[in-house]
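One letter stands for each residue in the lines below.
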Amino acid sequence: MQETEINNQPSCEDELNTGLLSVTEAQARILEGVSRITGTETLPVREALGRILAEDIVSPIDVPSHTNSAMDGYAVRAADLPDKGVREFPVPGTSWAGRPWLAPIEPGQAVQIMTGGMMPEGADTVVMQEQVEREGDTVRIGSGHHSGQNVRAAGEDLATGQQVFTAGKQLTAADIGVLASLGLGEVCVFRRLKVAFFSTGDELRSVGQPLGPGEIYDSNRYSLYGMLKKLDVEIIDMGVVRDRRELVERAFRDAADVADAIITSGGVSVGEADYVKETLEKLGNMSFWKIAMKPGRPVTFGHINGAVFFGLPGNPVSVMVTYFQFVRPALLKMAGETGSLGAYTLRARVTTALRKRPGRYEFQRGVLEQPAPGEFTVRSAGAQGSGILRSMSEANCFILLDPTSTGVEPGEEVEVQPFQNLI
Ligand code: AMP
Ligand code: MG
């Protein structure tokens, strides 16, 4: 569906930009505009770590598969335990983990049992080794025990036929452990998402080349690569595309042939050499939004054939902010994830004054610290210009300042969004 919104009102960043699209609205529209891929593959469970489950998992067995002891001790029938005083029990043998005592327990007996050992038939209670006195082939047990204590029932973790995981879950270390506990050797996951990206701009040089007058090194392809690496996606680096209509068009076509998602940086302003919007409009469908945010105001979103297109601004900090706020959740959804797609936020006390003008939602770069357990403070990571990438290097969170905020004084609380280990 074609949807174009161009805000032609003059707007400067000092004004209240009421005509702009809000951050949450842009996030919602982008999430609505992408759908999950359909391809899947079956992998050995270890290789599926970090991948997104494409099938529901139903337990084929009981876990644990047998009722067993949670302690080293003695398995008895609760009915035989004394109400008061001490009772002596003959001990006919031992149930080891993996080497059960197969005879049923006789009334009045206590079978020695190890942690994980199968409960002998008829026994329902385990008394800890530390609470008894063993003498030769007998054991003396006192009062004060509860029927069923220290026993793990078959299927108490997972019962046969129980739904264990739902498709859309990203598999963690615990999850692959659970799959192994079910005896499953393979699992069906979504295939990896293919993400192509390139930079646009005549001024861009690659590292290793000398810089001519007015030229800069292309850093966006590196930060984008780094952020994509954190997602388990297939990365297709398509290099730098010069600001020429036909080259931009060729790059778009090539990318759409191979990728599920295409990310570009630069060329989305309304400058003479900004061909991203018109090319997208020509080849597919295009939405262009000026978003009431700082940094990263202009963002283009659309589709070319089957591929989803994200046109991010050129400034290095804007690329990282818009990627994190808009692209990452969309890629997670496309990859098949159904859990929470955004990043969590928390409240922290500000230790440096934060300057802000009302009008736009700001993602200031901050350093979140924990001076004491449960206590968070945050300070500015330094100069906040959208071209100052160093502030991203020094930061570990975004400080979220809503459009009405006029700045923050030390001691006040703000909402922060940690991004460490996420991008
Ligand atoms: P644009 O959106 O193309 O007008 O670019 C906005 C600003 O970001 C300009 O100062 C560009 O030089 C800069 N820029 C664009 N692409 C890159 C890049 N790949 N690496 C570093 N800076 C860039
Ligand atoms: Mg440019």
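The structure presented is a predicted model; accordingly, all values stated were derived computationally and were not measured. (Residues numbered from 1 in each chain as written. Chains lettered and ligands numbered in written order. Predicted model: local features only at pLDDT ≥ 70, side-chain atom pairs only at ≥ 80, totals over all residues. Heavy atoms only, no water.)

Enquirer: Explain the site of ligand 1 here, please?
Expert: As a matter of local geometry, ligand 1 sits amid 16 residues, with Glu203, Asp218, Ser219, Gly267 and Gly314 nearest to it. A distance of 2.6 Å is found between an oxygen atom of ligand 1 and a side-chain nitrogen or oxygen belonging to Glu203. The separation between a nitrogen atom of ligand 1 and a polar side-chain atom of Asp218 is 2.6 Å. Alone, ligand 1 offers 490 Å² of accessible surface; in the complex the protein occludes 77% of this. Looking at the shell around ligand 1, the elements that each hand over two or more residues are strand S14 (194-200) and strand S16 (216-217). (Near = heavy atom within 4 Å. Polar contact = N/O pair within 3.5 Å; in protein donor to acceptor, adjacent residues only side chain to side chain. Areas by Shrake-Rupley, 256 points an atom, 1.4 Å probe, with all protein chains shown as cover. Helix = DSSP H or I, 4+ residues; strand = E, 2+ residues; numbered from the N terminus.)

Enquirer: What exactly am I supposed to notice about the side chain of Glu337 here?
Expert: Tracing the backbone through its elements, the reader meets Glu337 in the loop between helix H6 (316-335) and strand S23 (346-350). Of the side chains with opposite charge, Arg328 lies nearest to the buried Glu337, which makes no salt bridge, at 7.0 Å. With near-sequence residues (within four places) excluded, Glu337 lies in contact with Ile52, Gly168, Gln170 and Leu332. (Buried < 20%, exposed > 50% of the residue type's maximum accessible area, 1.4 Å probe, protein only. Lys, Arg positive; Asp, Glu negative; His and termini not counted. Salt bridge = Lys/Arg side-chain N within 4 Å of Asp/Glu carboxyl O. Contact = heavy atoms within 4.5 Å.)

Enquirer: Any chance you could explain the sheet that holds strand S4 (residues 73-76) here in plain terms?
Expert: Pairing between sheet strands relies on hydrogen bonds along the backbone, with the strands arranged either parallel or antiparallel. Taking strand neighbours across the sheet as the criterion, the 4 strands line up as S6-S7-S4-S8 in an open arrangement whose pairing is mixed. Each of the sheet's edge strands pairs with one partner strand only, and the pair in question is strand S6 (94-95) and strand S8 (125-128). Here S6 runs beside strand S7 (residues 111-113); their pairing, made up of 2 bridges, is parallel. Looking at S7, one finds that Ser95 is bridged to Ile113. (Pairing = 2+ DSSP bridges.)

Enquirer: Help me out: how do you make sense of the packing of helix H3 (residues 220-229) against H6 in this one?
Expert: Angle between the axes and distance between the axes are the two parameters that describe a pair of packed helices. Across the interface, H3 lies against H6 with an axial gap of 11 Å and an inter-helix angle of 30°. On the basis of the axis angle, H3 is roughly parallel to H6. Note that H3 runs across H6; the crossing there is right-handed. Two secondary-structure elements touch here, H3 through Asn220, Ser223, Leu224, Met227 and Leu228 and H6 through Pro316, Val319, Met320, Tyr323 and Leu331. Residue composition of the contact of H3 with H6, grouped by class: 8 nonpolar, 2 polar and no charged. (Axes fitted to C-alpha atoms, helices over the stretch in contact; angles between N-to-C directions. Parallel < 35°, antiparallel > 145°, perpendicular 65-115°, else oblique. Left-handed = near helix turned anticlockwise from the far one by under 90°. Nonpolar A, V, L, I, M, F, W, Y, C, P; charged D, E, K, R; others polar.)

Enquirer: Even after reading the chapter, I still don't get the nonpolar core, so can you show me in this structure?
Expert: One recurring pattern in soluble globular proteins is that nonpolar side chains are buried together. The biggest cluster of nonpolar side chains holds 50 residues, and the ones touching the most others in it are Ile263, Phe310, Tyr323 and Leu331. Within the second largest apolar cluster, 20 residues are counted, among which are Phe198, Val248, Ala259 and Val268. (Core = buried A, V, L, I, M, F, W, Y, C linked by side-chain atoms within 4.5 Å.)

Enquirer: Would you mind showing me how to read the pairing of strand S25 (residues 375-380) here?
Expert: Look at any regular strand and the pattern is simple: side chains alternate between the two faces of the sheet. With 2 bridges connecting them, S23 and S25 associate as parallel partners. Residue pairing in the sheet places Arg349 in a bridge with Thr377 of S25. Where strand S24 (residues 361-372) meets S25, 5 bridges bridge the pair, whose relative direction is antiparallel. The residue of S25 that forms the bridge with Gly366 is Ser380.

Enquirer: Can you help me understand a nonpolar patch on the surface in this one?
Expert: Taken together, the side chains of Val207, Leu211, Tyr217 and Tyr222 present a nonpolar region at the surface, about 390 Å² in accessible area. Structurally, Leu211 is set in the loop between strand S15 (204-205) and S16. (Patch = residues over 30% accessible without salt bridge, like charges linked within 9 Å, V, L, I, M, F, W, Y side chains within 5 Å.)

Enquirer: Would you take a moment to explain the sheet that holds strand S17 (residues 234-241) for this structure?
Expert: Taken in spatial order, the 6 strands line up as S17-S14-S18-S22-S21-S19 in an open sheet, and their pairing is mixed. One side of each edge strand has no neighbouring strand; the edge strands of this open sheet are S17 and strand S19 (285-290). Put simply, the sheet's adjacent strands are angled 15° from each other on average, direction ignored. Here 5 bridges tie S14 to strand S18 (residues 261-265), and the two strands are oriented parallel to one another. If you follow Val195 over to S18, its bridge partner there is Ala261. Relative to the sheet, helix H4 (residues 245-258) contacts S14, S17, S18, strand S21 (298-304) and strand S22 (307-312), its axis offset from that of S17 by approximately 170°. Here H6 sits on the sheet and contacts S14, S18, S21 and S22; the angle it forms with S22, its principal contact strand, is near 170°.

Enquirer: Sorry, what's going on with the packing of aromatic side chains here?
Expert: What characterises a pair of aromatic rings is the spacing of the ring centres plus the angle enclosed by the ring planes. Summed over all chains, the structure comprises 9 aromatic pairs. Relative to Phe301, the ring of Trp289 has its centre 5.9 Å away and its plane inclined at 20°; by these criteria the two rings are stacked. Taken together, the positions of Trp289 in strand S19 and Phe301 in strand S21 put the pair 12 residues apart, joining distant regions of the chain. Taking relative accessible area as the criterion, Phe301 reaches 5% and is therefore assigned buried. Judged by centre distance (4.8 Å) and plane angle (55°), the ring pair of Phe398 and Phe419 falls under tilted. Of the two residues, Phe398 sits in strand S26 (residues 397-401) while Phe419 sits in the segment after strand S27 (413-418), which places them 21 residues apart along the sequence. (Phe/Tyr/Trp six-rings, centres within 6.5 Å; stacked < 30°, edge-to-face > 60°.)

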